[in-house]
Amino acid sequence: MDNDFSYIKKGDIYLDSACQAMRPQPVIDALNNYYRKHNSCGERVKYPWGQETDRLVEATRAKVLRYLKLSPRKYFVSFTLNTTYGLNLLLSQFDCKGAGIKRVVTSDIEHNSPFLSTMAIAKRAKIPRVVLTRDIDGSLPIEKIPEHALVVVNAASNIDGRLLVNIKDVIKTVHKKSGFVIIDAAQAMAHSSEILHKTEADAICFSAHKMYAPSLGGMVVRRDLVKYIDTSFIGGGMVDDVDKETYLLSSDNKEHLYTKFESGLQAWGEIVALGAAIDWLNDLPKSAHLKLAEQSKRLHDYLAEHPKIHLVGAADNIATTMSFYVDGTDSHLLGAALADEGIMARTGYFCVHYYLDHVCHYPPLIRFSLGYHTRESDIDTVIKILDKLK
Ligand SMILES: Cc1ncc(COP(=O)(O)O)c(C=O)c1O
């Protein structure tokens, strides 16, 4: 496994996996292989390169569902640009009236991606938007979820990796109250995918680039949600026939439901390489998970005990992502100083402006996010440098 990242230079300490993971060699090889051996458009061509692309793209759709332990009888997979795009495709075309939706609900710790797109749907559908406060353990207060709500929340936070620990109860409750749940799984897919297993969410949006795959978005959508999608983002690749003023959507055929969200030419090579990333994640040895958990705990415990560092979140929440600020030190300046030492970390509010700035009133933060590529020596170096601030 370590060999899969052997291209990373010794002094380069990449701690920004929450933005996009380092890609293991087999994923890079799969993308290269597509360009060099079967560069072709999927679903439209009859020559052998296209057939190979079609085979691998279909395999990736199946792998995504297996990875989440979801049945192809209930769900289908579409590809798009990223989580933000997937959420917007769903929300901007969601027929709230037809679905009986009276409120859109999100939470205080959301990334701007669901935070802003829920503002947009509330405005378009002229319904109230409710922002619930998540508990420090990441759970959503289910007793506060109203009837007939469209709930859009993350399964894992990009601030500190806190999980939607009551995800199953949330979904059950929302459904009982005649609502729908869309999960932002951007941060959950790589290191916390178990939380999504067998969930009965109506849709799950994710970013392949955060799960060791190339830049790409994925949407896992319940087949019966499609009847509430009022298609308006439309073009090539989505229709079987077109007359002067009418058209026949390919997604009317339930074998091709995924075309509902796939307008225009898709990122075929990236989709194929996502398949390779899922294989790679599935094949990781237990020792790789243990190593990452130990490294995360070591760095978390060090930050928690540092006399000048304030970690965000619950003290017992150990995750691969951790955010903090340092007394008397500007995070952006510190970020630049860390960069001088080869440490690549994020600074600011990480697109969670509402919670971090307006609710918690934190100064800009620093975020470290580890991945399977992280070396023990990376943590040693970070600790050695942060020791100087004591
Ligand atoms: C929790 C969460 N949701 C949504 C997003 C948006 O992802 P993307 O920029 O890939 O659309 C991110 C990105 O960091 C995220 O961490």
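Source: prediction; values computed, not measured.

Rules used in this analysis
- Residue positions are given per chain, counted from 1 along the sequence in the order it is written.
- Note on the predicted model: pLDDT of at least 70 is required for a residue's local features to be given, and 80 or more for side-chain atom pairs to be given and counted; whole-chain, interface and lining totals, by contrast, use all residues.
- Nonpolar cores are built from buried Ala, Val, Leu, Ile, Met, Phe, Trp, Tyr and Cys residues. These are joined into a set through C-beta atoms within 7 Å.
- Here exposure depends only on C-beta density: within 10 Å of a residue's C-beta, 20 or more other C-beta atoms make it buried, 12 or fewer make it exposed, and intermediate numbers make it partly exposed, the C-beta atoms being placed from the backbone.
- For the purposes of this entry, the term helix denotes a DSSP run of H or I that reaches at least four residues, the term strand denotes a run of E that reaches at least two, and both are numbered from the N terminus.
- Contacts are defined on C-beta atoms placed from the backbone: any two residues whose C-beta positions lie within 7 Å are in contact.
- Each pair of strands is called paired provided DSSP finds at least two bridges between the two strands.
- Axis lines are fitted to C-alpha atoms, over the contacting stretch for helices. Their N-to-C directions set the angle, which ranges from 0 to 180 degrees.
- Domain limits in this description derive from either an automatic procedure or a database domain assignment.
- To estimate how far a helix should reach, multiply one less than its number of residues by 1.5 Å.
- Here the word oblique covers every angle except those under 35 degrees (roughly parallel), over 145 (roughly antiparallel) and from 65 to 115 (roughly perpendicular).
- Put simply, a crossing is left-handed when the front helix is turned counterclockwise from the back one by less than a right angle, and right-handed when it is turned clockwise.

In this section: the nonpolar core. The biggest cluster of nonpolar side chains holds 78 residues, and the ones touching the most others in it are Leu-150, Ile-182, Ala-185, Ala-203, Val-220 and Ala-277. Ranked by residues supplied to this core, first place goes to helix H8 (residues 268-283) with 10 residues. In this structure, Leu-150 is in contact with Phe-94, Cys-96, Ile-101, Val-104, Val-105, Gly-179 and Phe-180, ignoring residues within four places of it in sequence. Counting 26 residues, the second-largest nonpolar core is a separate cluster that includes Tyr-349, Val-352, Tyr-355 and Phe-368.

Turning our attention to the sheet that holds strand E6 (residues 180-184). Read from one edge of the open sheet, 7 strands run E2-E8-E7-E6-E5-E3-E4, paired in mixed fashion. Each edge of the sheet is formed by a strand with only one pairing partner; in this case those strands are strand E2 (75-80) and strand E4 (129-132). Pairs of neighbouring strands in the sheet enclose a mean axial angle of 15°, with direction left out of account. Of the pairings in the sheet, the one linking strand E3 (residues 103-107) to strand E5 (residues 149-154) comprises 3 bridges and is parallel in character. Its bridge partner lying in E5, Arg-103 is registered against Ala-149. Those strands touched by helix H3 (residues 83-92) are E2, E5, E6, strand E7 (203-207) and strand E8 (217-222), and its axis lies near 150° from that of E7. Those strands touched by helix H5 (residues 112-125) are E3, E4, E5 and E6, and its axis lies near 165° from that of E3.

In this section: the domain arrangement of the protein chain. Interface size is commonly expressed as the accessible area that is lost once the parts come together. The domains assigned to the protein chain are domain 1 (2-24 + 285-387) and domain 2 (26-281). Inter-centroid distance (C-alpha atoms) of domain 1 to domain 2 is 28 Å. With 23 residues of domain 1 at the interface, the matching set in domain 2 holds 24 residues. Contributions of two or more residues to the side of domain 1 that touches domain 2 are made by strand E12 (321-326) and helix H11 (353-359). A total of 5 residues in the side of domain 1 that touches domain 2 trace back to one element, the largest contributor, which is H11.

Take the pairing of E2 next. Most of E2 sits out of view: 6 of its 6 residues are buried. The alternating pattern of E2 places Tyr-75, Val-77 and Phe-79 on one face and Phe-76, Ser-78 and Thr-80 on the opposite face, and all of these are buried. Two elements, E2 and E8, share 6 bridges in a ladder whose sense is antiparallel. Of the residues in E8, the one forming a bridge with Ser-78 is Met-219.

A separate point is H8. For H8, with 16 residues, the first-to-last C-alpha span of 23 Å sits near the 22 Å given by 1.5 Å per residue. The buried fraction of H8 is high, at 13 of 16 residues.

Closest axis-to-axis distance for the H3/H5 pair is 10 Å, and the angle between their directions is 20°. Of the possible angle classes, the one that applies to H3 and H5 is roughly parallel. The element H3 and its partner H5 pack so that their crossing is right-handed. Side by side, H3 and H5 meet where Thr-83, Thr-84, Leu-87, Asn-88, Leu-91 and Ser-92 of the first sit next to Ser-113, Pro-114, Ser-117, Ala-120 and Ile-121 of the second.

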